[in-house]
Amino acid sequence: MAKIKVDLKTIYSTGKVTYQGKSLTLDDVVDLMRSSRDPAELKALWEGWHAVARPMRNEYGRLVGLANEGARELGYTDTGVLWRSWYDMPPDEFAQTVERLWTQLEPMYENLQCYVRARLNEKYGDAVQPRTGAIRADLLGDMWAQSWGNIYDLLAPKNADLGYDLTPSLVKQNYDAVKLARTAENFYTSIGFAPLPETFWSRSMLVRPRDREVDCHASAWDIDDKNDVRVKACFRVNADDFFTAHHELGHNFYQRAYQDQATLFKSGANDGFHEAVGDFAGLNALTPNYLKQLGLIDEVPGPQADIPYLLRMALDKVAFLPFAVIVDKWRWQVFAGEVTPDRYNDAWWALRTKYQGIVPPASRPSDAFDPGAKMHIASNIPYTRYFLADIYEFQFYRAACRLAGWSGPVNRCTIYGNEEVGARFQAMLRMGSSKPWPDALEAFTGERTLDASAVADYFAPLDRWLTDQNKGEKCGW
Ligand code: X8Z
Ligand code: ZN
């Protein structure tokens, strides 16, 4: 099993795409897809990367069999049940909880999909993107069509301007990978966290080394259960990695917060909490008030920028929801033996189309293994954690803004510099996994359940606006 895991991981992290005579790494391709608006080029890059995963299928099938053997020895029916057993409730109830949360947010996603599809149709024409049905997966500014913020320029409201563009500002202000991480650290220290240890800066990998192959997918590490925390990433200077820097450091600050717990409790309240800490910081850090304090924008835009801002956020946070559901829905089916290797790819696209309303740019080869083109499948890392984080981070944010006594539009709230809120937040993180997660959630928010209303309330003004914009469209797919 260890050998298979290394094989799959290696195929993923060393995969190259040959395009226009150049050999491109995944981060090169991802970078091109952020800004390319040429459908032929996008299709070539998308197909090129998905071809990398083809040789994984057989070994992946063997991994599933071995993982299931282990899960059964531990008393679980299959690995999917084992993975669903981590949330202080029976595995079936957890699956129902995910379904409940998704069902609550689905109408908002459909609204967003409908609006985006119409704008893409106007940009590319019927032959590339029809006005009805699913969206072509390569047109959304992201290899996995999981977050769509990079095509905001194609979707911006006609008469309302966001007022700034973060990526060029970062470039203009001479940001580099270290400055991204320093800036993220600054958010945490402003709310009372101790600065990162010097070893973080000397031992982390923040850019892609030129002399060897590395796994570039960003991750955060706790090496000694004490202070030797590190990030491994290949940051580039753009809005995505500005956010990712906050995300990764969230893992490290959480690790340090629970370092005095007993060994068994040195982990997140659940894995979704671990992902949500940095996302919560990122939500605060993207607000115009804070960006102004950093000198990244000249002026805080007026109320006319609220809808554009919410749209920009929804393209990342709302668009992500169905993707974050299907990655493990697919694996739950696979681990349960409901989907066999010959149907891996079809089952993947059935879910992608049903939940996300997207389709591949052209029909897929019969031996394709498109799930393997996503790091978390190739490296066998569970994914529902990111769905949970997408919910928790808005619950954290809503509670933080309440604690801070914020009264303006919620999207403008930032608790930057608020040590009182920071202390409450750290008290939750210090608990590690010593208590069931509802206790941890309650310690900071006063709430004990996963609650989609925090996301829904945050985006409510946008949802109304989208409904209005979509008048006359045939939404759904
Ligand atoms: O894998 C990550 C982090 C590392 S835990 C960079 N994320 C998911 C992804 O990239 O697919 C963060 C958002 C979702
Ligand atoms: Zn993470």
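Located above this text is the structure these notes cover.
Only a predicted model underlies this, so the values are computations on that prediction, with no experimental measurement involved.

**A word on the overall build of the protein**
In step 1: Looking only at helices and strands, the protein has 20 helices and six strands in total.
In step 2: Taking 477 residues into account, the globule formula puts the C-alpha radius of gyration at 23 Å, and the protein, at 22 Å, falls close to it.
In step 3: When its C-alpha atoms are laid out on the principal axes, the protein stretches across 60 × 55 × 50 Å.
In step 4: Taking all 477 residues of the protein together, 59% fall into the buried category.
In step 5: In the protein, the share of contacts with a sequence separation of at least 24, taken over all contacts with a separation of at least 6, comes to 76%.

**Re the coordination of the zinc ion (ligand 2)**
Geometry sets the ideal angles at a metal, namely 109.5 degrees for four tetrahedral donors and 90 or 180 degrees for six octahedral donors.
In step 1: Within the protein, His247 (NE2), His251 (NE2) and Glu275 (OE) serve as the donor atoms for the zinc ion (ligand 2), at 2.0 to 2.1 Å.
In step 2: Coordination at the zinc ion (ligand 2) is tetrahedral: its four donor atoms span angles of 90 to 127 degrees at the metal.
In step 3: Positions of the donor residues of the zinc ion (ligand 2) along the chain correspond to the pattern H-x3-H-x23-E. Placement of His251 in helix 11 (residues 239-257) and of Glu275 in helix 12 (residues 271-285) is noted, with a sequence separation of 24 residues between them. Residues His251 and Glu275 agree in their burial class; the two are buried.

**Observations concerning the site of ligand 1**
In step 1: Close to ligand 1 lie Gln146, His217, Ala218, His247, Glu248, His251, Glu275, Phe320, Lys374, His376, Tyr383 and Tyr386.
In step 2: Taking Gln146, its side chain carries an N or O atom lying 3.0 Å from an oxygen atom of ligand 1.
In step 3: Within the side chain of His376, an N or O atom sits 3.0 Å from an oxygen atom of ligand 1.
In step 4: Burial of ligand 1 by the protein amounts to 80% of the accessible area it has alone, namely 370 Å².
In step 5: Ranked by residue count, the leading element in the shell around ligand 1 is helix 11, at three residues.
In step 6: Within the shell around ligand 1, the residues separate by chemical class into four nonpolar, five polar and three charged.

**A look at the state of the cysteines**
In step 1: Going through the model one piece at a time under the given rule, you end up with three disulfides.
In step 2: Two residues, Cys114 and Cys475, share a disulfide whose sulfurs are 2.0 Å apart. The sign of the -80 degrees torsion about the S-S bond sets the Cys114-Cys475 disulfide as left-handed. Placement of the pair is Cys114 in helix 6 (residues 91-124) and Cys475 in the segment after helix 20 (453-469), with a sequence separation of 361 residues.
In step 3: With relative accessibility at 36%, the residue Cys475 sits in the partly exposed group.

**A word on the packing of aromatic side chains**
In step 1: By the definition in use, this model includes 46 aromatic pairs.
In step 2: Between the NZ or CZ atom of Arg84 and the centre of the ring of Trp332, over which it lies, the distance is 4.7 Å.
In step 3: Here Arg182 stacks its cationic end above the ring of Trp201, 3.7 Å away from the centre of that ring.

**Quick look at the environment of Gly295**
In step 1: Relative to the helices and strands, Gly295 is located in the loop between helix 13 (288-293) and helix 14 (306-335).
In step 2: Residue class for Gly295 comes out partly exposed when judged on its relative accessible area of 29%.
In step 3: Separated by 114 residues in sequence, Gly295 and Pro409 place their C-alpha atoms 22 Å apart.

**With respect to unusual backbone geometry**
In step 1: Unusually for a residue other than glycine, Ala145 sits at a positive phi of about 55 degrees.
In step 2: The exposure class of Ala145 is buried, given its relative accessible area of 0%.
In step 3: For Asp225, which is not glycine, the phi torsion reads 60 degrees and is therefore positive.
In step 4: Relative to the assigned elements, Asp225 resides in the loop between strand 4 (219-222) and strand 5 (229-232).
In step 5: When its relative accessible area of 29% is taken as the criterion, Asp225 is described as partly exposed.

**Overview of helix 15 (residues 344-356)**
In step 1: In this model helix 15 runs 18 Å from its N-terminal to its C-terminal C-alpha over 13 residues, within 8% of the 18 Å that 1.5 Å per residue would give.
In step 2: Looking only at helix 15, the buried set comprises Tyr344, Asn345, Ala347, Trp348, Trp349, Leu351, Arg352, Tyr355 and Gln356.
In step 3: For helix 15, the secondary structure elements touched by its buried residues are helix 3 (39-52), helix 4 (57-73), helix 6, helix 14 and strand 6 (358-359).
In step 4: After helix 15 finishes, the residue Gly357 shows a positive phi value of roughly 65 degrees.

What counts as what
Counting of residues starts from 1 at the beginning of each chain's written sequence and follows it residue by residue. Whichever chain is written first is A, and whichever ligand is written first is 1; the rest continue in order. For a predicted model such as this one, the threshold for reporting local features is a pLDDT of at least 70, and the threshold for listing and counting side-chain atom pairs is 80 or more; totals across whole chains, interfaces and linings nevertheless cover every residue. Only hydrogens and water are set aside; all other atoms, that is, all heavy atoms of the structure, feed into the side-chain values. A helix here means a DSSP run of H or I that spans at least four residues, while a strand means a run of E at least two residues long, and both kinds are numbered starting from the N terminus. With C-alpha atoms as the basis for the radius of gyration, the globule rule is written as 2.2 Å multiplied by the number of residues raised to the power 0.38. Think of it in three bands: with a 1.4 Å probe and only protein chains considered, a residue is buried below 20% of the maximum accessible area for its type, exposed above 50%, and partly exposed in between. Residues are treated as being in contact if the distance between any of their heavy atoms lies within 4.5 Å. Sites may look incomplete, because water is not among the atoms used; the donor set itself consists of N, O and S atoms within 2.8 Å of the metal (3.2 Å for Na, K and Ca). Any site counts as irregular unless it has four donors with all angles between 85 and 135 degrees, making it tetrahedral, or four or six donors with opposite ones more than 155 degrees apart and the rest between 65 and 115, making it square planar or octahedral. Residues are counted as near a molecule or strand when any one of their heavy atoms sits within 4 Å of it. Here a polar contact is recorded for every N or O atom pair within 3.5 Å, except that within protein the pair must consist of a potential hydrogen donor and a potential acceptor, and residues adjacent in sequence are included only if both atoms are side-chain atoms. Computed with the Shrake-Rupley method and a 1.4 Å probe, the accessible areas treat only the protein chains shown as cover for residues. Residues are grouped as follows: Ala, Val, Leu, Ile, Met, Phe, Trp, Tyr, Cys and Pro are nonpolar; Asp, Glu, Lys and Arg are charged; every other residue, Gly included, is polar. Criterion for a disulfide: a pair of cysteine sulfur atoms within 2.5 Å. Two rings belonging to Phe, Tyr or Trp (six-membered ring only in the last case) form a pair when the distance between their centres is within 6.5 Å. Interplanar angles under 30 degrees mark stacking, angles over 60 mark edge-to-face geometry, and anything in between is tilted. Over a ring means this: the NZ of a Lys or the CZ of an Arg is within 6 Å of the ring centre and within 35 degrees of the ring normal. Helices are assigned an expected span. That span is 1.5 Å times one less than the residue count.

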